[in-house]
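# Breakdown of the fold
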Amino acid sequence: MNINKEHSPAWVKITIWITIFAFVFAFIAVGFLQVITSIKNNSSSSSSSTSSSSTTTSAAQQISTVNSQYQTSAVSSEALVKKEPKNKTQVASLAGLYSQWGTALLQISNSTEAQTQAAEKLQTANKYWKQAYDLDPNDKEVAGDYATSLYYVGDTQGAIKVAQEVVKKNPKYATVWYNLGIYQSATNKSEAIKSLENAIKYETDATQKKSAQEALASLKKSSN
């Protein structure tokens, strides 16, 4: 599970100014110009309504597509976990499935419904990650994913605590050092910098190391 965790866009301000200008123009214009302005305004309103409807439909279709990709597998996996609730591998697999499902829904940013469903799926994922973590707190990968799931559901302090436990037991675990730096960045930048430095120190993958270096550079710049 990766860390990836939404001000009015510029076009909203532009639309407001266009609307104001159109109103003033219609007010001072006479005869034929008033009619033309009215027609344009009605056309614009109709177009906006159609566009909004299209966006809603598109979002609904995206939600349906995402849900169809995960629903069947989730039902099957939950049945297995119900039979073997102490099977860490099965529980972690189900937790990962819900994590993927939730983050996929999060990508549908133009839909409140998608965001609501995403939050529900991520909460479910967190429940199963905790179950897997409780079965084996020493499994660094499960613990790392549990920390990330806590972060996704808004429990940043919980995420930091679990991640700190992971790196204490596994001081060269670059992935969790990196994630810990992200968790800490909003409240404790000095500690976040140390965590990201450790991520860079222990990371062996060039791409991941570059990501950690970029995150560290950005954090240091924001601290100045």
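This report concerns the structure included in the present document.

Calculation notes
Residues numbered from 1 in each chain as written. Predicted model: local features only at pLDDT ≥ 70, side-chain atom pairs only at ≥ 80, totals over all residues. Heavy atoms only, no water. Helix = DSSP H or I, 4+ residues; strand = E, 2+ residues; numbered from the N terminus. Buried < 20%, exposed > 50% of the residue type's maximum accessible area, 1.4 Å probe, protein only. Areas by Shrake-Rupley, 256 points an atom, 1.4 Å probe, with all protein chains shown as cover. Phe/Tyr/Trp six-rings, centres within 6.5 Å; stacked < 30°, edge-to-face > 60°. Salt bridge = Lys/Arg side-chain N within 4 Å of Asp/Glu carboxyl O. Axes fitted to C-alpha atoms, helices over the stretch in contact; angles between N-to-C directions. Parallel < 35°, antiparallel > 145°, perpendicular 65-115°, else oblique. Left-handed = near helix turned anticlockwise from the far one by under 90°. Contact = heavy atoms within 4.5 Å. Nonpolar A, V, L, I, M, F, W, Y, C, P; charged D, E, K, R; others polar.

### Re the overall build of the chain
Of the regular secondary structure elements, the chain holds nine helices and zero strands. Taken from the N to the C terminus, the helices and strands of the chain come in the order α-α-α-α-α-α-α-α-α. The burial tally for the chain puts 35% of its 224 residues in the buried class. Accessible surface computed for the chain: about 13900 Å², of which carbon and sulfur atoms make up 54%.

### What to know about the packing of aromatic side chains
In the structure shown here, the tally under the stated rule is five aromatic pairs. Taking the centre distance of 6.0 Å and the plane angle of 15° together, the rings of Tyr70 and Trp101 count as stacked. In this pair, Tyr70 is assigned in helix H2 (residues 31–83) and Trp101 in helix H3 (residues 88–106), connecting sequence segments 31 residues apart. For the pair shown, Tyr70 and Trp101 are each scored as buried. On the numbers, 5.5 Å between centres and 20° between planes, the contact of Tyr98 with Trp101 is stacked. Placement of the pair is Tyr98 and Trp101 together in helix H3, with a separation of three residues, close to one helical turn.

### Quick word on the pattern of salt bridges
It is possible for side chains bearing opposite charge to pair when their charged atoms get close. Scanning the entire structure with this criterion turns up five salt bridges. The partner of Lys88 in a salt bridge is Asp139, with the nearest N and O atoms 2.7 Å apart. Residue Lys88 is found in helix H3, and its partner Asp139 is found in the loop between helix H4 (112–135) and helix H5 (140–152); the two are separated by 51 residues along the sequence. Judged by its relative accessible area of 24%, Lys88 falls in the partly exposed class. With a shortest N-O distance of 3.9 Å, Lys220 and Glu197 are connected by a salt bridge.

### As for the packing of helix H6 (residues 156–169) against helix H7 (residues 174–184)
Closest axis-to-axis distance for the H6/H7 pair is 9 Å, and the angle between their directions is 150°. If you check the angle between H6 and H7, you find them roughly antiparallel. With respect to the hand of their crossing, H6 and H7 are arranged in left-handed fashion. Contacts between H6 and H7 pair Thr156, Ala159, Ile160, Ala163, Gln164, Val166 and Val167 from the former with Val176, Trp177, Leu180, Tyr183 and Gln184 from the latter. When its residues are assigned to classes, the contact of H6 with H7 shows nine nonpolar, three polar and no charged.

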